[in-house]
Amino acid sequence: MENVKLFTVPLPENFLSGLATYILGKDLDPLQLAGTTIILPTERACLTLEREFISVIKDCSLVMPCIRPITRWNQLLINSAPVISPPQRHLFLSHLLREKTGYPWQECFSLATSLGQLLDQLQTEEIPLEKLETLVPDELSVHWQRSLDFLRILSHEWPSQLARLNLAEPLPARTRAYKQQSEEWQKLPPLQGLIIAAGVVGSVPSIARFLKTISTLPTGEIIFAGIDLEMPEEQWQKLPPYHSQYGLKQTLERMEYQRENVQLLAPSLSKNWRTRFLNNLFDPQGLQNPSFTECFQENALESVSLAEADSLQEEARMIALMIREALNDSAHTIALITPHRGLSDRVTAELKRWKIVPDDSYGESLFESSRGAFLTLTLNAACHPQNMTSVLSLLKHPLTLLGLPFFDCRKMTRRLEIHSIRPLSPFEKFDVQQIEDADISSFYKKFSQAMEPLLVKTTSLADWVKRHRIVLETLANSAIKEEKCQLWEREEGKKIADLLQQLEKISLPHHDFTLKEYSGFLSLHLKKLRVTKVYGTHPRVHILGPLEARLLNFDVIILGAMNDIHWSELSQPDPWLSHEMKQKLGLPDERYGTGLRAADWIYLLHAKRVILTRAQREGGLTMLPSRWLMRLKAVVKSHRCSSLLEPTSPWKKWSHSLDLPRQTSPCSRPAPCPPVSLRPRTLSITEVQRWKDDPYALYAKKILRLTPLFPLEKEITAATFGIVVHRALEKYISAGIKEQSRESLLEYGRQAFGLTLEHIIVKSLWWPRFIRLCDWFLEEEKRSGHPCASWTEVRGRLTIEAPAGPFTLIAKADRIDALKRADAEHNVLDIIDYKTGLLPSRKAVLQGDAVQLPLEAAITQYGSWESIPHSALGSLSLWHLKGGVPAGSVLRFEGIEDMAEKALSDLQGLVFLFDDEATPYEASSQNSNEYDPLARRQEWSR
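Just so it is clear, the model here is predicted, and its values are computed rather than measured.

Parameters at a glance
- Residues numbered from 1 in each chain as written.
- Predicted model: local features only at pLDDT ≥ 70, side-chain atom pairs only at ≥ 80, totals over all residues.
- Heavy atoms only, no water.
- Helix = DSSP H or I, 4+ residues; strand = E, 2+ residues; numbered from the N terminus.
- Rg over C-alpha atoms; globule rule 2.2 N^0.38 Å.
- Buried < 20%, exposed > 50% of the residue type's maximum accessible area, 1.4 Å probe, protein only.
- Areas by Shrake-Rupley, 256 points an atom, 1.4 Å probe, with all protein chains shown as cover.
- Salt bridge = Lys/Arg side-chain N within 4 Å of Asp/Glu carboxyl O.
- Pairing = 2+ DSSP bridges.
- Axes fitted to C-alpha atoms, helices over the stretch in contact; angles between N-to-C directions.
- Phe/Tyr/Trp six-rings, centres within 6.5 Å; stacked < 30°, edge-to-face > 60°.
- Lys NZ or Arg CZ within 6 Å of the ring centre and 35° of its normal.
- Parallel < 35°, antiparallel > 145°, perpendicular 65-115°, else oblique.
- Left-handed = near helix turned anticlockwise from the far one by under 90°.
- Contact = heavy atoms within 4.5 Å.
- Nonpolar A, V, L, I, M, F, W, Y, C, P; charged D, E, K, R; others polar.
- Patch = residues over 30% accessible without salt bridge, like charges linked within 9 Å, V, L, I, M, F, W, Y side chains within 5 Å.
- Domains from an automatic or database assignment.
- Expected span 1.5 Å × (residues − 1).

Trainee: In this structure, what is going on with the overall build of the protein chain? I would like to understand it.
Mentor: Counting secondary structure elements, the protein chain contains 36 helices and 25 strands. The C-alpha radius of gyration of the protein chain comes to 38 Å, more than 25% above the 30 Å expected for a compact globule of 942 residues. For the C-alpha atoms alone, the extent of the protein chain along its principal axes is close to 130 × 70 × 70 Å. Taking all 942 residues of the protein chain together, 50% fall into the buried category. Summed over its atoms, the accessible surface of the protein chain is roughly 46300 Å², and 51% of this surface lies on carbon and sulfur atoms.

Written as structure tokens, this is what we have:
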């Protein structure tokens, strides 16, 4: 053991800077330095160490040593089968599952993901697959007995599958690479330069053996980060798996060394109280440790603060403010360290307000990137060609050109949307043959032709990829022939091209896929890939995950999303193995990952300034703080030092005021006074009701001629039900008494519902209501007796003289019946209005607040109805056709001569009033409608 060189760098030393200084301090000649190999845990640590070397030597020249991440060693493997690609591995595991179970491909894709994760765990811990055979004892439940059948895929069928493909698993390949390198070094130890493994934790058996080999080399050295040499031996031997030192202890045990063999690389001149405090924090017995008091006296938590937000968005805004404030010091480097990708994305978005682009190690998911969305939108539009939202989403994508200039393609898409798609009712299906505009029709046909390669039922995976690529390139084809297709440009385009190339090479004979299955498989692998910005990022602002942040030092560190669900490696439900089965196999304790994360947390807490942040609620759920944060707060509170964690600035208050204007001046109630010449001279009864309730809404519709866009997704609502009822009853009444029966009325209802009859809401809610309504309607018709004649959808007109010229009132009555009465010489008219929504009260009708029936009475008395001879008005009826229980009711008005006269007088008064140019179309504060945003009601109605 005398020649074994095991070192540890005490916290909070700058590990990589100290490592560069230590190596250069050995006075190696250029050949020795060039022959030195330094092994680090991550690629980012390698890049940082290179910068530290340059920083230490300053203006001198330097031959850089070889710096490699431990995870990339399998690239050096020679004389070995090629490694299977992740998509190929996933597909063949899914294929084996499908052959065994007969499950649909989509379900097999999901199961194959979890099965692949189990395979990775077994290979990482070097557990023989044959051990799965003896795993399930008879006393376990049937579920676990059945799981053994699936696990035989790993122990029996998967090795045979790899042999047929002549491919190798990635993790065993990396293990062989470590072994191959170890054997080479043992046979011929390097004489020029050092072999140094720094900051690497041997949590994996193969890495531990590799470190063991390095430690036995004449020039080999192992440098750990933060082994606690002051911890009592008894406490060291009893460390629980979730302790921050447990991973280092296990590494030493796997290397067959003791803690006594480890030396301090650079002994600290003074005791670090924060290190002592944090190590005691993770020991359950250490919470009552008297040294806590001493740590507080020495300001162990100086420059550590906590900021808690109400929501995730508020936390992101607070973090953005912290980063912006820290940048005021031109020498400070700032890092947000968080495992929560959603938080990092929000912080990146918030920083854009100051034009700050952080160096984000997470990057952007390829699935959510612009080009990734283009791929999935193409497949969605092909899977659902009648879903106009999917079609328009694809047509509006920036990469969709269809051989046209960019703005011409956008213009044609807008015309297609506004004139041909949005006006469709829920009962209509989009049909390109019904498009009247020739340019729009030609544009959509061109789009349809571009999508044709994807309109096959089933084909092989490789063929789907070829067809998909043809469609993508056709859609993205530019009008400029010399211009390259933008789809494959930039980093994300190259990654997509590589993924499609990998999928195209996968051969699975005699197995075809549907478009939906291909889409699901592609989406799964797009979500696994991420794209990081290479250029244009801020040199002092970083967003990292806990793994990427290992060994790195920053002046200001923000530990974000400090909730237990994110920072603790909580075990997820495993469909294959129970907790007892994992223990029997020899898999690591499920709490071991929490210990590794704790070690990262302690290292990061040694920065010059540390800010802990968390959101109390995420997605509507209350979040539990990280167990480490709860321990920290408990210890601080028990020692009556709660003020230590207080935020240094009012981050919450600042985040609330960030988007608030300096001064607000609410607008006044709109009351435009347009010229009389622009004021409408013809209105329907519905528009008169709007005029009476909210003049400004009528002004917006009739004078400004603004109409809301129809929604793309037409929901089946109560209004839709009303349309169906009116159409069905119109056909029923128009058919005549000979064709009237319950069956015919139901058939008219089916015709009116049309395509929507297959909708689940219509089947379960509206169609049963319609049946009940039909039965009530037929009973009411029978009770009322047969009229002499009936008219439906009758148009009426009434003209009155006004100061600005004649004013015409138009109407359409749902139904007018001619009735024979014994006390009348001629037939009298009964006007019936169908209502499926809310029914106005009798008082509202009689007082003229609900104008429809009174104005229809006025048209009958003083105007005319088309095709109906002038007759006296007998009654007015409101039929409430709701289809519930009861299914309907009738509100009837008789003796209505005074009602008609009053309605005419009120209408004349309204027309005369607005024929005065000084009368404004003032917005109402009582009646809400679709023009409220234009009237800015929320500003002046408070």
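Structure's up, so let's keep going.
Trainee: What's the story with the pattern of salt bridges in this structure? I'm lost.
Mentor: All told, the structure shown has 44 salt bridges when counted by the stated rule. Taking the shortest distance from any N to any O, the salt bridge between R614 and E308 comes out at 2.6 Å. With R614 in strand 16 (residues 609–615) and E308 in strand 7 (residues 304–309), this residue pair connects regions lying 306 residues apart in the sequence. The class of E308 is partly exposed, set by a relative accessible area of 25%.

Trainee: I keep staring at the sheet that holds strand 1 (residues 6–9) and nothing clicks. Help me out?
Mentor: Across a sheet, paired strands are connected by hydrogen bonds in the backbone, their directions being either parallel or antiparallel. Pairing within the open sheet is parallel, and its six strands lie in the order 3-2-4-5-1-6. The open sheet terminates on both sides in strands that have one partner only, identified here as strand 3 (66–69) and strand 6 (262–264). Pairs of neighbouring strands in the sheet enclose a mean axial angle of 25°, with direction left out of account. Bridge analysis of strand 2 (residues 37–40) against strand 3 gives four bridges, and the strand direction is parallel. Within the sheet, the bridge partner assigned to T37 lies in strand 3 and is C66.

Trainee: Would you mind showing me how to read the packing of aromatic side chains here?
Mentor: To describe a pair of aromatic rings, one takes the distance between the centres and the angle between the planes. Under the definition given, this model contains 27 aromatic pairs. Seen in terms of ring centroids, W464 and Y518 are 6.1 Å apart; in terms of plane orientation they differ by 10°. Their pairing is stacked. One end of the pair, W464, is in helix 19 (residues 461–475); the other, Y518, is in helix 21 (residues 515–528), with 54 residues separating them in the sequence. Overall, W464 belongs to the buried group, its relative accessible area being 0%. Residue Y518 is classed as buried on the basis of its relative accessible area of 1%. Among the aromatic residues, those joined into a cluster by ring pairs are W691, Y696, Y699, F807, F914 and Y921. The ring of F406 carries the charged tip of R410 above its face, separated from the ring centre by 4.7 Å.

Trainee: How do you make sense of the packing of helix 5 (residues 105–124) against helix 21 when you look at a structure like this?
Mentor: In a pair of packed helices, the angle between the axes and the distance between the axes together describe the arrangement. For the pair helix 5 and helix 21, the least separation of the axes is 9 Å and the interaxial angle reads 20°. As judged from the angle between their axes, helix 5 and helix 21 are roughly parallel. In this structure, helix 5 crosses over helix 21, and the sense of that crossing is right-handed. Across from W105, Q106 and F109 in helix 5, the residues of helix 21 making contact are K516, E517, G520, F521 and L524. Looking at the contact of helix 5 with helix 21 residue by residue, the classes come out as four nonpolar, two polar and two charged.

Trainee: Could you clarify how one ought to interpret a nonpolar patch on the surface in this entry?
Mentor: A cluster of nonpolar side chains, L704, L706 and L934, forms an exposed patch at the surface whose accessible area comes to about 220 Å². We classify L704 as partly exposed; its relative accessible area is 36%.

Trainee: Can you walk me through unusual backbone geometry in this structure?
Mentor: Residues other than glycine predominantly adopt negative phi, and peptide bonds predominantly adopt the trans conformation. Going from V885 to P886, the amide bond is cis rather than trans, its omega being 0°. Residue position: P886 is located in the loop between strand 24 (872–881) and strand 25 (888–894). Located in the positive-phi region is R490, a residue other than glycine, with phi close to 65°. Note on placement: R490 falls in helix 20 (residues 490–505). We classify R490 as exposed; its relative accessible area is 63%. Phi is positive for R936, close to 55°, though the residue is something other than glycine. Relative to the assigned elements, R936 resides in the loop between helix 35 (932–935) and helix 36 (937–940).

Trainee: Can you help me understand the domain arrangement of the protein chain in this one?
Mentor: For the protein chain, the assigned domains are domain 1 (6–76 + 173–269), domain 2 (86–167), domain 3 (297–363 + 536–658), domain 4 (366–531) and domain 5 (676–713 + 777–915). For domain 1 and domain 5, the distance between their C-alpha centroids amounts to 89 Å.

Trainee: What should I look at first to understand helix 7 (residues 170–187) in this one?
Mentor: Counting along an α-helix, one turn takes 3.6 residues, and residues three or four places apart therefore face a common direction. Between its first and last C-alpha atoms helix 7 spans 26 Å; for 18 residues at 1.5 Å apiece the expected length is 26 Å, and the two agree. Of the residues making up helix 7, those classed as buried are L171, A173, R174, T175, A177, Y178, Q181, S182 and W185. Residues of helix 7 that are buried in the fold lie against strand 2, helix 5, strand 4 (195–198) and helix 8 (205–216).

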